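Secondary and tertiary structure notes
Chain by chain, the residues:
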Amino acid sequence: VVQKICRSVHTVKGAAAVIGLSDLAAYGHLVEDVLDWLYESAASVDQRMVTLLSESLELLATLIYTPDHFDEQRAEQLLEQLNGCMHESGEEGLL
């Protein structure tokens, strides 16, 4: 499942970059990095991680469909929390 979601995010990120939507491409890249980490390195996934990823993907959809409603502050908070999850497992994190 994680790999399928990651491929979808990768496609969105790449398409956004091609047409010049740099905010979407940048945020998609960070979400993709977390998904790659989950698929390749994470020993386990807890409910907190699932909730954070779900919210991150919802924000990604908001950025795609209604960019004027994108909550950049919330996106930064989510990425910081995802980084925390990665650090807790011994990874460097994204930021």
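Definitions and cut-offs
Residues numbered from 1 in each chain as written. Predicted model: local features only at pLDDT ≥ 70, side-chain atom pairs only at ≥ 80, totals over all residues. Heavy atoms only, no water. Axes fitted to C-alpha atoms, helices over the stretch in contact; angles between N-to-C directions. Helix = DSSP H or I, 4+ residues; strand = E, 2+ residues; numbered from the N terminus. Parallel < 35°, antiparallel > 145°, perpendicular 65-115°, else oblique. Left-handed = near helix turned anticlockwise from the far one by under 90°. Contact = heavy atoms within 4.5 Å. Patch = residues over 30% accessible without salt bridge, like charges linked within 9 Å, V, L, I, M, F, W, Y side chains within 5 Å. Areas by Shrake-Rupley, 256 points an atom, 1.4 Å probe, with all protein chains shown as cover. Salt bridge = Lys/Arg side-chain N within 4 Å of Asp/Glu carboxyl O. Lys, Arg positive; Asp, Glu negative; His and termini not counted. Charge placed at Lys NZ, Arg CZ, Asp CG, Glu CD. pLDDT = per-residue confidence, 0-100. Nonpolar A, V, L, I, M, F, W, Y, C, P; charged D, E, K, R; others polar. Buried < 20%, exposed > 50% of the residue type's maximum accessible area, 1.4 Å probe, protein only.

Packing of helix 2 (residues 22-40) against helix 3 (residues 47-65) leaves a shortest axis separation of 10 Å and a crossing angle of 155°. The angle between helix 2 and helix 3 places the two elements in the roughly antiparallel class. Here the hand of the crossing between helix 2 and helix 3 comes out left-handed. Counting all contacts with helix 2, which are made through Asp23, Leu24, Tyr27, Gly28, Val31, Val34, Leu35, Trp37 and Leu38, the residues of helix 3 involved are Met49, Leu53, Ser56, Leu57, Leu59, Leu60, Leu63 and Ile64.

Together, Asp23, Asp71, Glu72, Glu76 and Glu80 make up a region of like negative charge exposed at the surface. Here the negative patch takes three residues from helix 4 (residues 72-88), the largest share from any one element. By secondary structure assignment, the location of glutamate 76 is in helix 4.

Model confidence for the protein chain is summarised by a mean pLDDT of 88, while 94% of its residues fall at 70 or above. Averaged over each element, pLDDT in the protein chain is lowest for helix 4 (88) and highest for helix 1 (residues 2-18) (93).

To continue, consider the packing of helix 3 against helix 4. Interaxial distance between helix 3 and helix 4 falls to 10 Å at its minimum, and their mutual angle equals 150°. The angle between helix 3 and helix 4 places the two elements in the roughly antiparallel class. You can see that helix 3 and helix 4 cross each other, and the crossing is left-handed. In contact with Arg48, Met49, Leu52, Leu53, Glu55, Ser56 and Leu59 of helix 3, helix 4 contributes Arg74, Ala75, Leu78, Gln81, Leu82, Cys85 and Glu88. Looking at the contact of helix 3 with helix 4 residue by residue, the class counts come to eight nonpolar, two polar and four charged.

On to a nonpolar patch on the surface, then. On the surface, Val18, Ile19 and Leu21 cluster together into a nonpolar patch covering about 330 Å² of accessible area. Structurally, leucine 21 can be placed in the loop between helix 1 and helix 2. A relative accessible area of 42% places leucine 21 in the partly exposed class.

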